[in-house]
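# Fold and geometry: a report
The chain contents come next:
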Amino acid sequence: MSPLVIVVFIVLAVFGSVYMLKPSPRQQRLAALRLEAIKLGLQVKLDTFKSNSKKTGVRDDITATRYQRFNPGIKSQTLRWCIVRQAGWEQEGLSEGWSWHDNVQQPDLEKLELLLSQVTADVQMIEVYDNRASILSIESKGSTAEMINQWIDSAQQL
């Protein structure tokens, strides 16, 4: 084997190894989306929402990115309501495809319907407590931090 072939092989091996470490365009987009959400005051983490299939009929757990905002002025951590984008037993007052997972304190259904008409298909769950609200999203290309922030604000006010 000639020395030139060996040098070319070594250069290609080094270049390939370094190139594999570079984030993909999807990873870069998600990192920018999450950073922008953090700048807007949201907490961001990968999470799995465990469904209670015996109680609600919602069968599948949801693994996605949780975008959450806390209201530090409120100490109560009581769940008010939670809806998921899956078939379940209780769907009264919700858009097609959505089910109640928990409905302790029912929100204004007209305002909730308006919110559900605004969220995109990547939103899989909306959950509201007295002191926080969160959305689980699968983060499609159309998602922006501003939209997610607006949806969480709207949910928190219901």
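Data block above holds the structure.
## Thoughts on the overall build of the chain
On a plain count of helices and strands, the chain comes out with five helices and six strands. Going from the N terminus to the C terminus, the chain shows its helices and strands as α-α-β-α-β-β-β-α-β-β-α. In terms of overall size, the chain is more extended than a compact globule, its C-alpha atoms giving a radius of gyration of 21 Å where 158 residues would be expected to give roughly 15 Å. Along the longest, intermediate and shortest principal axes, the C-alpha atoms of the chain span 75 × 35 × 25 Å. For the chain, buried positions account for 39% of its 158 residues. Looking at the chain alone, contacts between residues at least 24 apart form 62% of all its contacts between residues at least 6 apart. Accessible area of the chain: about 9700 Å², with a carbon and sulfur share of 57%.

## Quick word on the pattern of salt bridges
It is possible for side chains of opposite charge to pair when their charged atoms get near one another. Within this structure, the stated rule accounts for five salt bridges. Its salt-bridge partner being Asp47, residue Arg66 comes within 2.6 Å of it at the nearest N-O pair. Of this pair, Arg66 sits in strand β2 (residues 62-70) while Asp47 sits in strand β1 (residues 43-49), and the two are 19 residues apart along the sequence. Judged by relative accessible area, which is 8%, Arg66 ranks as buried.

## Remarks on helix α1 (residues 3-21)
For α1, which comprises 19 residues, the first-to-last C-alpha distance of 28 Å matches the rise-based estimate of 27 Å (1.5 Å per residue) to within 8%. For α1, the tally of buried residues reaches only zero of 19 residues, placing the bulk of the element at the surface.

## Quick notes on the packing of aromatic side chains
A full pass over the atoms with the stated rule returns one aromatic pair. Relative to Trp100, the ring of Trp81 has its centre 6.5 Å away and its plane inclined at 85°; by these criteria the two rings are edge-to-face. Of the two residues, Trp81 is situated in strand β3 (residues 79-84) and Trp100 in strand β4 (residues 99-103); the sequence distance between them amounts to 19 residues. In this pair, the class of Trp81 matches that of Trp100, namely buried. Directly above the aromatic system of Tyr129 lies the positively charged group of Arg132, at a separation of 3.8 Å from the ring centroid.

## Regarding the packing of helix α2 (residues 25-39) against helix α5 (residues 145-157)
At their nearest, the axes of α2 and α5 sit 9 Å apart, and the two run at 45° to each other. If you check the angle between α2 and α5, you find them oblique. Note on packing geometry: the crossing formed by α2 with α5 is right-handed. Residue-level contacts link Leu33, Glu36 and Ala37 of α2 to Ala145, Glu146 and Ile148 of α5. Grouping the constituent residues of the contact of α2 with α5 by class yields four nonpolar, no polar and two charged.

Rules behind the numbers
Residues numbered from 1 in each chain as written. Predicted model: local features only at pLDDT ≥ 70, side-chain atom pairs only at ≥ 80, totals over all residues. Heavy atoms only, no water. Helix = DSSP H or I, 4+ residues; strand = E, 2+ residues; numbered from the N terminus. Rg over C-alpha atoms; globule rule 2.2 N^0.38 Å. Buried < 20%, exposed > 50% of the residue type's maximum accessible area, 1.4 Å probe, protein only. Contact = heavy atoms within 4.5 Å. Areas by Shrake-Rupley, 256 points an atom, 1.4 Å probe, with all protein chains shown as cover. Salt bridge = Lys/Arg side-chain N within 4 Å of Asp/Glu carboxyl O. Expected span 1.5 Å × (residues − 1). Phe/Tyr/Trp six-rings, centres within 6.5 Å; stacked < 30°, edge-to-face > 60°. Lys NZ or Arg CZ within 6 Å of the ring centre and 35° of its normal. Axes fitted to C-alpha atoms, helices over the stretch in contact; angles between N-to-C directions. Parallel < 35°, antiparallel > 145°, perpendicular 65-115°, else oblique. Left-handed = near helix turned anticlockwise from the far one by under 90°. Nonpolar A, V, L, I, M, F, W, Y, C, P; charged D, E, K, R; others polar.

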